[in-house]
Amino acid sequence: MKYRRKETVVGTLKILGIALLLLTLLSFILSRQPWKTIAAMSLGPFSNLYNFGNLLNAAVPMVLGGLGILIALKASLINLGGEGQIYLSALVTTQVGLCLHGWGPLGAVIALLAGGLCGGLMAALSGLLKAIWKTNELITSYLISSCMINLGNYLVTGPLHDPQTNLLSTRQIAASMQLHQILPPSGLSTALIYAVCLTFIVNAYLFKTKGGYELRMVGINEDFARYGGIGSHGRIVWALFLSGFFHGLAGGMLVLGTYHATLREFSSGIGWSSFSVALIASGNPIAVLPASFFFAWIQSGATIAMQQSDVTSDLAQIAQGLVFLLISSTVLLKGRKNTWN
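Owing to the predicted nature of the structure, the values given are computational and were not obtained by experimental measurement.

(A) Spatial organisation of the overall build of the protein chain. Of the regular secondary structure elements, the protein chain holds 14 helices and zero strands. For the protein chain, the N- to C-terminal ordering of α and β elements is α-α-α-α-α-α-α-α-α-α-α-α-α-α. Taking 2.2 N^0.38 as the reference for a compact globule, 341 residues should give roughly 20 Å; the C-alpha atoms of the protein chain span a radius of gyration of 20 Å, in line with that estimate. Projected onto its principal axes, the C-alpha positions of the protein chain cover 60 × 50 × 30 Å. Taken across its 341 residues, the protein chain has 52% of its residues classed as buried. Restricting the contact set of the protein chain to residue pairs at least 6 apart, pairs at least 24 apart contribute 77%. Within the structure as shown, the protein chain displays about 15,600 Å² of accessible surface, and the carbon and sulfur contribution to it stands at 67%.

(B) Molecular detail of the pattern of salt bridges. In total, this model carries five salt bridges according to the counting rule given. The partner of K130 in a salt bridge is E137, and the shortest N-O contact between them spans 3.3 Å. In this structure E137 comes out as buried when scored by relative accessible area, which is 6%. Residue D223 pairs with R226 through a salt bridge whose shortest N-O separation is 3.1 Å. Of this pair, D223 and R226 both sit in helix α9 (residues 222-227), three residues apart, which is roughly one turn of the helix.

(C) Molecular detail of the packing of helix α2 (residues 34-43) against helix α12 (residues 288-308). α12 packs onto α2 with a crossing angle of 140° between their chain directions and a minimal axis gap of 7 Å. The orientation of α2 with respect to α12, classified from their angle, is oblique. α12 is crossed by α2, and the crossing has right-handed handedness. On α12, the residues that touch K36, T37, A40, M41 and S42 of α2 are W297, G301, A302, I304, A305 and Q308.

(D) Region of interest: the nonpolar core. Ranked by internal contacts, the top residues of the largest apolar core, which has 86 residues, are L64, L77, F246, L249, V288, F294 and F295. If sequence neighbours within four positions are ignored, V288 has contacts with M62, V63, G66, L67, L70, V277 and A281.

(E) Summary view of the packing of helix α4 (residues 82-99) against helix α6 (residues 137-157). Closest axis-to-axis distance for the α4/α6 pair is 8 Å, and the angle between their directions is 30°. Accordingly, the angle class assigned to the pair α4 and α6 is roughly parallel. At the point where α4 passes α6, the crossing takes the left-handed sense. Residues E83, G84, Q85, Y87, L88 and L91 of α4 touch α6, and the partners they reach there are S145, M148, I149, G152, N153, L155 and V156. Here the contact of α4 with α6 is built from residues that sort into seven nonpolar, five polar and one charged.

(F) Up close: the side chain of K74. By the secondary structure assignment, K74 is in helix α3 (residues 49-74). Here G283 takes part through its backbone oxygen, which lies 2.9 Å from a polar atom of the side chain of K74.

(G) Seen up close, the packing of aromatic side chains. Applying the stated rule across the entire model yields 11 aromatic pairs. Ring geometry for F294 versus F295: centroids 5.9 Å apart, planes at 85°, classification edge-to-face. Side by side, F294 and F295 carry an identical accessibility label, which is buried. Taken together, W238, F241, F245 and F246 form an aromatic cluster joined through their ring pairs.

Scoring rules and cut-offs
Going along each chain's sequence as written, the residues are numbered from 1 onward. Totals for whole chains, interfaces and linings use every residue, but because this is a predicted model, local features are given only for residues with pLDDT of at least 70 and side-chain atom pairs only at 80 or more, for both listing and counting. As a convention, hydrogens and water are excluded, and side-chain values are obtained from all of the structure's heavy atoms. By the criteria applied, helices consist of DSSP H or I runs no shorter than four residues and strands consist of E runs no shorter than two, each listed in order from the N terminus. With the radius of gyration taken over C-alpha atoms, the globule rule is written as 2.2 Å times the number of residues to the power 0.38. Buried, partly exposed and exposed residues are distinguished by accessible area as a fraction of the type maximum, computed with a 1.4 Å probe on protein chains only: under 20%, between the cut-offs, and over 50%, respectively. Whether two residues are in contact is decided by their heavy atoms, any of which lying within 4.5 Å being enough. Computed with a 1.4 Å probe, the accessible areas rest on the Shrake-Rupley method; for each residue, only the protein chains presented here act as cover. What counts as a salt bridge is simple: a side-chain nitrogen of Lys or Arg found within 4 Å of a carboxyl oxygen of Asp or Glu. Interaxial angles span 0 to 180 degrees and are taken between N-to-C directions of axes, which are lines fitted to C-alpha atoms, for helices over the stretch in contact. Any angle that falls under 35 degrees is termed roughly parallel, while one over 145 is termed roughly antiparallel, one within 65 to 115 roughly perpendicular, and all others oblique. Two helices cross in a left-handed way if the nearer one is turned anticlockwise from the farther one by less than a right angle. They cross in a right-handed way if the turn is clockwise. Each nonpolar core is a collection of buried residues, namely Ala, Val, Leu, Ile, Met, Phe, Trp, Tyr and Cys, held together in the definition by side-chain atoms within 4.5 Å. We call Asp, Glu, Lys and Arg charged. Ala, Val, Leu, Ile, Met, Phe, Trp, Tyr, Cys and Pro are nonpolar, and the rest, Gly among them, are polar. N or O atoms closer than or at 3.5 Å make up a polar contact, with two conditions inside protein: a donor-capable atom paired with an acceptor-capable one, and, for residues adjacent in sequence, both atoms drawn from side chains. What counts as a ring pair is set by centres within 6.5 Å for rings of Phe, Tyr and Trp (its six-membered ring), and what kind of pair is set by the plane angle: stacked under 30 degrees, edge-to-face over 60, tilted for all other angles.

The structure is reproduced here in structure tokens:
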């Protein structure tokens, strides 16, 4: 087991190294000032507290989304609905927060849980369809997510639009419900602390509790788990509910900690980045933290390079796409499939 994990870690480091090398080559191809671009991208996020705070803040939703994907993978399930679950949950969090105006921190907790519940139910529906009719959860979660994104766009730009702003946004929640800021004026909030705590809670749940063991057993061998008295159908629904719940928390944290409202498709891309984070983590919840930091570093670095050089932020998306492509390589990552469980 130790050898297999060592092999996987080495493979992951190879992929990250290749991705960084390709990113450097792209800088030489796409920029007329490649060295300036590389310096801005690699060192810019650490150049001052503002940039560093924004880097950490960008990692928060990917930590929560990555945990959601990882939980589903532990049960050998794939939740491709992260994009819609984050977006619609953020909208639910915002609306519950507006309804509970004046409740302060208690209202924020209720709004956050409501958002998590929204994401959980969206994903659990795919689990229910799989348990009853063996429907592929990969397809259903993606289709449900796509429908919910369109619904969210209609609500944000229509009935729930704030007429006081020119942005395509809902009204803002009360200041008393917003999370405390860390390193202002960056967007970093106490959501980072909650995300780190939840990472260790998920790790303890998966590896130290009976529920986590049963979930992993269903993922390793569903027939064997059923023979051992573990109800696989219930675990499938539960695993996807948890997966969606954490995506919902990611959306809720974006509202309470950073944007304080829901903007049209403001969370676009986080779901896919979270998927890459979970793949890099290789089934280890604690590894979600450095993996999220890596992706946030790429995003923040590309944004700063765009401001200080002549490249666009699309460079970050290209880098993430390369990592996503390479991370599925069975040549570079021997034994990855087994490490998920």
